[in-house]
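Spelled out from the first residue to the last, the chains are:
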Amino acid sequence: MEKKIRVLVAKPGLDGHDRGAKVIARALRDAGFEVVYTGLRQTPEQIAEAALQEDVDCVAMSILSGAHPHLFPAVVNLVREKGMNDVLIIGGGVIPETDIPALKEAGVSEIFTPGTKTSDVVDYIKEHVKK
């Protein structure tokens, strides 16, 4: 029996809106992934620790507040510092196209903006999680 992909869906920062994160969490669950949702207003430290404790294959962050240039790289750094070098890290939300190259350079594998089909997120995770 093949091990299910485990995904941590996280909402970093003070963003108080989680509808998008819940839609993604539901789509991933429907696709057969095991999903852990952290809830709102998580610090980068809380997200990295949850990723470690839950032994996830992927961290999927959602943000609408505009704090992504600081929070996404902070999560990447903390996850890597904890030795989770094979964990896929992706992000999504209201993120300007001009910010995406810097986020990818900081270690976020992919950024999904509004209007992305949930099936595209599912396919990306399936293709990029290290088995």
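Because the structure is a prediction, the values reported are computed rather than measured.

Caption draft 1: Quick look at the layout of surface pockets. Roughly 400 Å³ of volume is contained in the largest pocket. Along the wall of the largest pocket there are 25 residues; nearest its centre are Gly20, Ile24, Ser62, Gly92 and Gly93. Counting residues per element, the ones that place at least two in the lining of the largest pocket are helix H1 (19-30), strand E3 (58-63), strand E4 (88-93) and helix H5 (118-128). It is H1 that provides the largest number of residues to the lining of the largest pocket, a total of 5 residues. In the lining of the largest pocket, the residues fall into 12 nonpolar, 10 polar and 3 charged.

Caption draft 2: Layout of the pattern of salt bridges. Evaluation of the coordinates by the stated rule reveals 8 salt bridges. Across the pair Lys11 and Asp15 runs a salt bridge whose closest N-O atoms are separated by 2.9 Å. Of the two residues, Lys11 and Asp15, both sit in the buried class. When the shortest N-O distance is used, the salt bridge between Lys82 and Glu49 registers 2.9 Å. Separated by 33 residues along the polypeptide, Lys82 in the loop between helix H3 (68-81) and E4 and Glu49 in helix H2 (residues 44-54) bring together distant segments of the chain.

Caption draft 3: Seen up close, H5. Within the span of H5, buried status applies to Val121, Val122, Tyr124 and Ile125. The buried residues of H5 occupy an angular sector of 165° when the element is viewed end-on, so they sit on one face.

Caption draft 4: Here's a closer look at the packing of H2 against H3. With their axes 9 Å apart at the nearest point, H2 and H3 run at an angle of 40° to one another. In terms of their interaxial angle, H2 and H3 are classed as oblique. The crossing of H2 and H3 is right-handed. Residues Pro44, Glu45, Ile47 and Ala48 of H2 lie in contact with H3, whose contacting residues are Leu71, Ala74, Val75, Leu78 and Val79.

Caption draft 5: A look at the environment of Lys3. Secondary-structure assignment places Lys3 in the segment before strand E1 (6-10). For Lys3, a relative accessible area of 53% translates into the label exposed. Polar contacts involving the side chain of Lys3 include one to the side chain of Asp57, which spans 3.2 Å.

The rules we used
Residues numbered from 1 in each chain as written. Predicted model: local features only at pLDDT ≥ 70, side-chain atom pairs only at ≥ 80, totals over all residues. Heavy atoms only, no water. 1 Å grid on protein atoms, 1.4 Å probe; cavity = no way out; pocket = protein on both sides within 12 Å on 5 of 7 lines; lining within 4 Å. Points joined across faces, edges and corners; volume = space filled by probe spheres on them. Helix = DSSP H or I, 4+ residues; strand = E, 2+ residues; numbered from the N terminus. Nonpolar A, V, L, I, M, F, W, Y, C, P; charged D, E, K, R; others polar. Salt bridge = Lys/Arg side-chain N within 4 Å of Asp/Glu carboxyl O. Buried < 20%, exposed > 50% of the residue type's maximum accessible area, 1.4 Å probe, protein only. Arc of directions from axis to C-beta. Axes fitted to C-alpha atoms, helices over the stretch in contact; angles between N-to-C directions. Parallel < 35°, antiparallel > 145°, perpendicular 65-115°, else oblique. Left-handed = near helix turned anticlockwise from the far one by under 90°. Contact = heavy atoms within 4.5 Å. Polar contact = N/O pair within 3.5 Å; in protein donor to acceptor, adjacent residues only side chain to side chain.

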